[in-house]
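Architecture at a glance
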Amino acid sequence: METPLTHNISPGREPPDLAQYEKAGGYGALRKALGMAPAEIQAAVKESNLRGRGGAGFPTAQKWSFVPMGDDAPRPKYLVCNADEMEPGTFKDRMLLEGDPHQLIEGIIISAYAIQADVAYVFLRWAYKLAARRVERAIVEAYRHGYLGKNILGSAYSLEMHLHVSAGRYICGEETALLNALEGKRANPRAKPPYPQVSGLWGKPTIVNSVETLCNVPHIVKQGAEWFRSLSRSDDGGTKLYGASGRVKNPGLWELPMGTPLREILEEHAGGMRDGYQFRGVLPGGASTDFVTAEHLDVAMDFDSVQKAGSRLGTGTMIILDDKTCPVGMLLNLEHFFAQESCGWCTPCWSGLSWIEQILQDMEEGRGRASDLELLESHTRLLGPGHTFCALAPGAAEPLQSGLKYFRDDFERHIHEKRCPWSPT
Amino acid sequence: MLSEQERKEIEAHARHYPNNRAVCIEALKIVQQHRGWVSNEGIADVAEALQMKPAELESVATFYNMIFRKPVGKHVILLCDSVSCWIMGYERLRQHLGDRLGIRPGQTTADGRFTLLPNVCLGACDHAPVMMVDDAHYQDLDPARIDQILASYQ
Ligand SMILES: NC(=O)C1=CN([C@@H]2O[C@H](COP(=O)(O)OP(=O)(O)OC[C@H]3O[C@@H](n4cnc5c(N)ncnc54)[C@H](O)[C@@H]3O)[C@@H](O)[C@H]2O)C=CC1
Ligand SMILES: Cc1cc2nc3c(=O)[nH]c(=O)nc-3n(C[C@H](O)[C@H](O)[C@H](O)COP(=O)(O)O)c2cc1C
Ligand code: SF4
Ligand code: FES
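Residues numbered from 1 in each chain as written. Chains lettered and ligands numbered in written order. Predicted model: local features only at pLDDT ≥ 70, side-chain atom pairs only at ≥ 80, totals over all residues. Heavy atoms only, no water.

Take the site of ligand 2 next. Residue and element names in this part refer to chain A. In the vicinity of ligand 2 there are 18 residues, among which Gly-54, Lys-63, Asn-82, Ser-210 and Thr-213 approach most closely. In this structure, an oxygen atom belonging to ligand 2 sits 3.1 Å away from a main-chain N or O atom of Glu-85. Residue Thr-213 places a side-chain N or O atom 2.6 Å away from an oxygen atom belonging to ligand 2. In isolation ligand 2 offers 610 Å² of accessible surface; the protein chains occlude 87% of this area. (Near = heavy atom within 4 Å. Polar contact = N/O pair within 3.5 Å; in protein donor to acceptor, adjacent residues only side chain to side chain. Areas by Shrake-Rupley, 256 points an atom, 1.4 Å probe, with all protein chains shown as cover.)

Turning next to the packing of helix α15 (residues 372-382) of chain A against helix α16 (residues 392-406) of chain A. Residues and elements named next belong to chain A. Following both chains from N to C, one finds α15 and α16 inclined at 145 degrees, their axes separated by 9 Å at the closest point. α15 and α16 meet at a crossing whose hand is left-handed. Touching Leu-373, Leu-376, Glu-377 and Thr-380 of α15 are Ala-397, Leu-400, Gln-401 and Leu-404, all from α16. The residue makeup of the contact of α15 with α16, split by class, is 5 nonpolar, 2 polar and 1 charged. (Axes fitted to C-alpha atoms, helices over the stretch in contact; angles between N-to-C directions. Helix = DSSP H or I, 4+ residues; strand = E, 2+ residues; numbered from the N terminus. Left-handed = near helix turned anticlockwise from the far one by under 90°. Contact = heavy atoms within 4.5 Å. Nonpolar A, V, L, I, M, F, W, Y, C, P; charged D, E, K, R; others polar.)

Across the contact, 38 residues belong to chain B and 55 residues belong to chain A. Of the roughly 3800 Å² buried between chain B and chain A on both sides combined, carbon and sulfur atoms contribute 59%. The tally of links from chain B across to chain A stands at 1 salt bridge. When grouped by side-chain class, the residues that make up the side of chain B that touches chain A number 21 nonpolar, 11 polar and 6 charged. (Buried area = accessible area lost by both parts, 1.4 Å probe. Salt bridge = Lys/Arg side-chain N within 4 Å of Asp/Glu carboxyl O.)

All names here are of chain A. Splitting chain A by domain gives domain 1 (18-230), domain 2 (239-322) and domain 3 (327-417). The distance between the C-alpha centroids of domain 1 and domain 3 comes to 35 Å. Taken together, the contact pairs 10 residues of domain 1 with 10 residues of domain 3. Interface area for domain 1 against domain 3, summed over the two sides, is near 930 Å², with a carbon-plus-sulfur share of 70%. The largest share of the area that domain 1 buries against domain 3 comes from Arg-169, Tyr-170 and Asn-188, three residues that together contribute 48% of it. Summed over the shared surface of domain 1 and domain 3, the number is 1 salt bridge. Put simply, Arg-169 and Glu-341 hold a salt bridge, and the shortest N to O gap is 3.7 Å. Where domain 1 packs against domain 3, one counts 2 residue pairs in polar contact (both at pLDDT 80 or more). (Domains from an automatic or database assignment.)

The next subject is the packing of aromatic side chains. This structure, assessed with the given rule, holds 15 aromatic pairs over all chains. Aromatic side chains Phe337(A) and Phe338(A) sit 5.1 Å apart centroid to centroid with 70 degrees between the ring planes, which places their arrangement in the edge-to-face category. Residues Phe337(A) and Phe338(A) agree in their burial class; the two are buried. Plain terms: the ring middles of Phe63(B) and Tyr64(B) are 5.2 Å apart, the flat faces sit at 65 degrees to each other, and that makes the pair edge-to-face. (Phe/Tyr/Trp six-rings, centres within 6.5 Å; stacked < 30°, edge-to-face > 60°. Buried < 20%, exposed > 50% of the residue type's maximum accessible area, 1.4 Å probe, protein only.)

Next comes the structure, spelled out in structure tokens:
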């Protein structure tokens, strides 16, 4: 099985420096790309069926195709690498950032060339200190060896690249909020359309792609779209970083073919449940995805299949709920997070989420009422797509709406017994 | 007034952006790095240097979690309170840390050594529970391990 993304990565060891990265074939894809027309690179990425790994799965080449090209395109154009990873339960981009920063930088340069961007930013979350040091060092090395700056490797193409370390807030990862943060403003999301592809940073054409998406690009350019599609067990191309946390025997992160079945990941890679614990459900792609349960274990972990099972692939890092953990308590933890991180712009979001948090808190403390279930359900509808400015609110509704469906008995027990059945007293 | 060093560092970052305003978050971080936190004076200094209104900069500063508008201890402990760490027993650790340090989350020890802050997912969920002390991640925590870590910062 091929694992292009993690090929150079061995956790706990220093990442390859520039010389080691080159020795492993690194920057070969950039050399090849600079000999191709930008449109040829876009075509290869389109052929590869690469879909965005930031969580929404938007086809990467399609997103790039909206950027104005040619001599009369507005300038400068920007490419931003979204490395804000703050989705609870998600820890995949950190491995790529710490483990092989030159792979990311090569991916950014090639992607920037494909849309003819002039400036690239890496927007990195504050807590990733080790990643910040390693990415910064790699950018310096890349400049020094002519992979960045004016006339890259003697070509007509020039690109500046800067690291921006965020001052911390979940909403900064939403692409339009991120643009405001980069401009030195409060990170409230912007209205879409216009999409950033036509009017982004300082009103100029801007592409925002996640770390994992960009890391795939050099491999597609180097080994071709057909090879990339063949890595996958589904229609989406490539491999995927899947992770698991919670009470499994072997929590971790694995690069596997896109579309690997959930059961295989949980049983073969995560090692099944720890002794004494039973599986009850899983958030398949981070905190803002719907629960799936034992009946869905055969779902293939690709964008369309997980959607058909009623959830989303999201970030592909799954959080497992076991039978000794209270589902209401877990939802309280999740909704507390979303309430705290709401940027406060839309009423259903800031007011609805703190209301939801209060209802769940009351329920955990034995003050739940029979009418609460209906109230929670109506809140999940108000938070749903279309009622708010950004996807934070719909994301917050997902675990709750599916939790109410699959763990209804547990909610009812809290209300009838006037206490949390899992609490020790 | 900004120190010479602060001014130099801010100018180096300002080159990464097409206008002065965009460097304001980085500037606040630089001031915090040197002074420990961002006081009203810090806001005024940065606002003056970047030709912004202090109130405008203040509204940016308060939006972001890692700009400290109150003094913090010598070491800042960020304890992950998000879902995977919650499942793996973060509440017990919060209790333990609170008992050991004699403070509640959000507070600083009387000797000014530690500030304890709850924090969202630190991106090491497969090794939950997790915390950071200053720049370092600590994972797979239990009370005994926490005692060792605290001792190493004495
Ligand atoms: N990686 C992480 O730490 C986190 C990831 N997420 C994920 O973020 C996702 C939501 O992200 P959004 O950006 O709000 O989703 P979205 O579906 O609005 O957009 C996804 C991407 O496709 C582009 N796009 C979508 N529709 C378009 C159109 N009609 N024309 C041109 N471009 C278009 C957007 O510009 C964006 O880059 C969720 O699926 C969630 O799983 C959420 C929180 C944290
Ligand atoms: C509240 C919120 C937070 C987000 N945080 C991140 C993030 O940390 N990293 C990320 O890549 N995408 C994040 N996204 C998704 C981005 O808006 C955007 O879809 C993504 O960066 C596009 O990259 P891709 O095309 O490579 O998937 C977030 C979305 C929302 C609504
Ligand atoms: S949905 Fe929530 S986070 Fe998104 S813009 Fe509205 S208030 Fe802000
Ligand atoms: S939930 Fe604690 S590190 Fe991710």
